[in-house]
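# Structure assessment
What follows is the residue order along each chain.
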Amino acid sequence: MDFEKILVGLRKGLDDTLIQELKEHNKGINNPLVIDDEDTPIYFIHPTELDGRSKVSSIFMDMAGVVIKTDVGECVDFTDLETDDMLAIYEYVYHELN
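Everything quoted here is computed from the prediction, not taken from an experiment. (Residues numbered from 1 in each chain as written. Predicted model: local features only at pLDDT ≥ 70, side-chain atom pairs only at ≥ 80, totals over all residues. Heavy atoms only, no water.)

### Description of the packing of helix H1 (residues 3-24) against helix H2 (residues 83-97)
Where H1 meets H2, the axes come as close as 10 Å, and the angle between the chain directions of the two elements is 25°. In this view, H1 runs roughly parallel relative to H2, as classed from their interaxial angle. Judged by the twist between their axes, the crossing of H1 over H2 is left-handed. In this structure, H1 uses Leu7, Leu10, Arg11, Leu14, Asp15, Thr17, Leu18, Glu21 and Leu22 to contact H2, whose residues at the interface are Thr83, Met86, Leu87, Tyr90, Val93, Tyr94 and Leu97. The residue makeup of the contact of H1 with H2, split by class, is eleven nonpolar, two polar and three charged. (Axes fitted to C-alpha atoms, helices over the stretch in contact; angles between N-to-C directions. Helix = DSSP H or I, 4+ residues; strand = E, 2+ residues; numbered from the N terminus. Parallel < 35°, antiparallel > 145°, perpendicular 65-115°, else oblique. Left-handed = near helix turned anticlockwise from the far one by under 90°. Contact = heavy atoms within 4.5 Å. Nonpolar A, V, L, I, M, F, W, Y, C, P; charged D, E, K, R; others polar.)

Below you can see the structure in the form of structure tokens.
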């Protein structure tokens, strides 16, 4: 079994599925999905910050794909996140929209 190949497939699947979920609910392109952090704050390991965690404030889509906006206004591509963070964000979006 090629673990790297499986992981790449999982990450691609999460990205594609999140895009589809946002499109189905008319979210992301013109109207970002705002995260209500009072109920469930979502943190992720920031790919370029030394201090690590960032908090999600909204999720939107641009021409390149899904973008995560942090509580300090910084934008991070969904596919740049750690796999477990991608899964947690997808799970939140799925339960929020369904």
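Read on for the rest.
### Things to note about the environment of Gly73
Note that Gly73 resides in the loop between strand S4 (65-70) and strand S5 (75-77). Placed 17 residues apart in sequence, Gly73 and Val56 show a C-alpha to C-alpha distance of 9.5 Å.

### Some details on the nonpolar core
If you look at the biggest cluster of nonpolar residues, it comprises 22 residues, and the most contacted ones within it are Leu22, Ile59, Val66, Ile68, Ile89 and Val93. Contributions of two or more residues to this core are made by H1, strand S3 (53-62), S4 and H2. The element contributing the most residues to this core is H2, with six residues. Excluding anything up to four places from it in sequence, Val66 contacts Asp15, Leu18, Ile19, Leu22, Ile59, Phe60, Met61, Val76, Asp77 and Phe78. (Core = buried A, V, L, I, M, F, W, Y, C linked by side-chain atoms within 4.5 Å. Buried < 20%, exposed > 50% of the residue type's maximum accessible area, 1.4 Å probe, protein only.)

### Notes on the pairing of S3
Note that strand S1 (residues 33-34) and S3 share two bridges and pair antiparallel. Among the inter-strand pairings, Leu33 is bridged to a residue of S3, identified as Ile59. Sheet analysis places strand S2 (residues 43-45) next to S3, joined by three bridges and oriented antiparallel. Of the residues in S3, the one forming a bridge with Phe44 is Ser54. As paired elements, S3 and S4 share six bridges and run antiparallel to each other. (Pairing = 2+ DSSP bridges.)

### Details of the environment of Leu33
Note on placement: Leu33 falls in strand S1. Residue Leu33 is classed as buried on the basis of its relative accessible area of 5%. For Leu33 and Val93, which are 60 residues apart along the polypeptide, the C-alpha to C-alpha distance reads 8.4 Å. Each residue touching Leu33, except ones within four places of it in the same chain, is listed here: Leu22, Lys27, Ser57, Ser58, Ile59, Val93, Glu96 and Leu97.

### Focus: the pairing of S4
Side-chain direction in a regular strand flips from residue to residue, so the side chains alternate between the two faces of the sheet. Among the six residues of S4, five are classified as buried, and the element is accordingly described as predominantly covered. In this sheet, S5 lies alongside S4 in antiparallel orientation, the contact comprising three bridges. Considered in S5, the bridge of Val67 is made with Asp77. Between S4 and the antiparallel strand that follows it, S5, lie four residues; Gly73 among them carries a positive phi value of about 85°.

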